[in-house]
Amino acid sequence: MRNRRWVVIPAAGRGERFGGSLPKQYAKLGGRTVIEHTLACFAGVPGLAGIVVPLAADDKIFGKLTLPNLPVHTTIGGATRAQSVLAALEWLQNGPAADQDWVLVHDAARPLLARADLDALIAECEQNDVGGLLGVPVADTLKRSSGGQVHGTMRRDDVWHAMTPQMFKLGPLERALRAAGPEATDEAMAMEMAGVAPAMVRGSTDNLKITTVGDLLVADAILAAR
Ligand code: CTP
Ligand code: MG
């Protein structure tokens, strides 16, 4: 039997750069919250066994949302994104999942993930049997700068923005995140530190992460244009 697929949607952040009275995952985008869009991206994907959502301990909003027609379990997240992801992975390991099941980790703050990109990532990872992530090549020229001065220009022909989903097998990912500690800023980096070369699957710039209020305006425009 093919390994099952699980989704982890870290949503325990406070959205400090976004500001406002509610965390950004609960901001309104086209009539519903950002995270409702994010969860809906996974509705109808074949072979998904369930979704785990790490939340802040004092979250009072998630329970009122409209959820997709999939088993959704919540856990308490941690102080960092990696700790929130680990809390969800631990719940899966101690609960319904097997060590070699696949896990797709996708930021709650990326509500515009396209189904074609998700399908492409799943197909690549299940074929290479290691895992990978969505990303896009960097478009801008990149400078090294400190103290208000430019010290150099970076070659960017092989530089990519890392996005999510990032898809790896549950056990290897959990062990890699634990071993990497706070240094790893995403799942792929933890796997890289464990000696694995994740696949980079080209996605769409539409799959933006809402960090500031300006990003929400861009997301609104993209949604309206679809
Ligand atoms: N996240 C999490 N647990 C944390 C920190 C972040 O689950 N302790 C989640 C966020 O909710 C978000 C995703 O990880 O969906 C990406 O993180 P980021 O964009 O940095 O969100 P925040 O940490 O909430 O924002 P900020 O860094 O501006 O405070
Ligand atoms: Mg953050």
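1. Quick look at the layout of surface pockets
Part 1 of the argument: Taken as a whole, the largest pocket spans an internal volume of roughly 880 Å³.
Part 2 of the argument: Per element, the largest residue contribution to the lining of the largest pocket is four residues, and it comes from strand S10 (residues 160-169).
Part 3 of the argument: Taken together, the residues of the lining of the largest pocket break down into 14 nonpolar, nine polar and 11 charged.

2. A look at the packing of helix H2 (residues 81-94) against helix H4 (residues 170-180)
Part 1 of the argument: Two numbers describe how H2 lies on H4: the axes approach to 10 Å, and their chain directions differ by 140 degrees. Viewed along their axes, H2 and H4 adopt a mutual orientation that is oblique. Considering the relative orientation of H2 and H4, their crossing is left-handed. Judged by residue contacts, Val85, Leu86, Leu89, Glu90, Leu92 and Gln93 of H2 engage Leu170, Gly171, Leu173, Glu174, Arg175, Leu177 and Arg178 from H4.
Part 2 of the argument: Counted by class, the contact of H2 with H4 contains seven nonpolar, two polar and four charged residues.

3. Some thoughts on the nonpolar core
In summary, soluble globular proteins display a tendency toward joint burial of nonpolar side chains.
Part 1 of the argument: Ranked by size, the top nonpolar core spans 29 residues in total, and within it Ile9, Ile35, Phe42, Ile51, Val53, Phe62 and Leu104 carry the most contacts.
Part 2 of the argument: Elements represented by at least two residues in this core include exactly helix H1 (34-40), strand S4 (48-55), strand S6 (102-105), helix H3 (115-128), strand S7 (131-137) and S10.
Part 3 of the argument: Apart from the residues lying within four places of it in its own chain, the contact partners of Phe62 are Tyr26, Ile35, Leu39, Val53, Leu55, Leu67, Val72 and Thr74.
Part 4 of the argument: Val8, Val105, Leu170 and Ala176 belong to the second largest nonpolar core, which has 22 residues in total.

4. Focus: the pattern of salt bridges
A side chain of one charge can pair with a side chain of the opposite charge when the charged atoms of the two come close.
Part 1 of the argument: This model, assessed by the stated rule, comprises 12 salt bridges.
Part 2 of the argument: One salt bridge in this structure joins Asp101 and Arg4, with 3.5 Å as the shortest N-O distance. Taken together, the residues span a long stretch of sequence, with Asp101 in the loop between H2 and S6 and Arg4 in the segment before strand S1 (5-8) at a distance of 97 residues.
Part 3 of the argument: With a relative accessible area of 5%, Asp101 lands in the buried category.
Part 4 of the argument: With its nearest N and O atoms 2.8 Å apart, the salt bridge here joins Arg81 to Glu187. You can see Arg81 sitting in helix H2 and its partner Glu187 sitting in helix H5 (residues 187-193), a full 106 residues away along the chain.
Part 5 of the argument: Salt bridges sharing partners connect three or more residues here, namely Arg81, Asp107, Arg110 and Glu187.

5. Quick word on the sheet that holds S1
Part 1 of the argument: Here we have seven strands laid out as an open sheet, ordered S5-S4-S1-S6-S10-S7-S11, and mixed in their pairing. What marks the edges here is a single partner per strand, and that holds for strand S5 (72-76) and strand S11 (199-202). Put simply, the sheet's adjacent strands are angled 25 degrees from each other on average, direction ignored.
Part 2 of the argument: With four bridges connecting them, S6 and S10 associate as antiparallel partners. What sits directly across from Trp102, in S10, is Lys169.
Part 3 of the argument: Contacting S6 and S10, H4 runs over the sheet at an angle of about 125 degrees to S10.

What counts and how
- Residues numbered from 1 in each chain as written.
- Chains lettered and ligands numbered in written order.
- Predicted model: local features only at pLDDT ≥ 70, side-chain atom pairs only at ≥ 80, totals over all residues.
- Heavy atoms only, no water.
- 1 Å grid on protein atoms, 1.4 Å probe; cavity = no way out; pocket = protein on both sides within 12 Å on 5 of 7 lines; lining within 4 Å.
- Points joined across faces, edges and corners; volume = space filled by probe spheres on them.
- Helix = DSSP H or I, 4+ residues; strand = E, 2+ residues; numbered from the N terminus.
- Nonpolar A, V, L, I, M, F, W, Y, C, P; charged D, E, K, R; others polar.
- Axes fitted to C-alpha atoms, helices over the stretch in contact; angles between N-to-C directions.
- Parallel < 35°, antiparallel > 145°, perpendicular 65-115°, else oblique.
- Left-handed = near helix turned anticlockwise from the far one by under 90°.
- Contact = heavy atoms within 4.5 Å.
- Core = buried A, V, L, I, M, F, W, Y, C linked by side-chain atoms within 4.5 Å.
- Buried < 20%, exposed > 50% of the residue type's maximum accessible area, 1.4 Å probe, protein only.
- Salt bridge = Lys/Arg side-chain N within 4 Å of Asp/Glu carboxyl O.
- Pairing = 2+ DSSP bridges.

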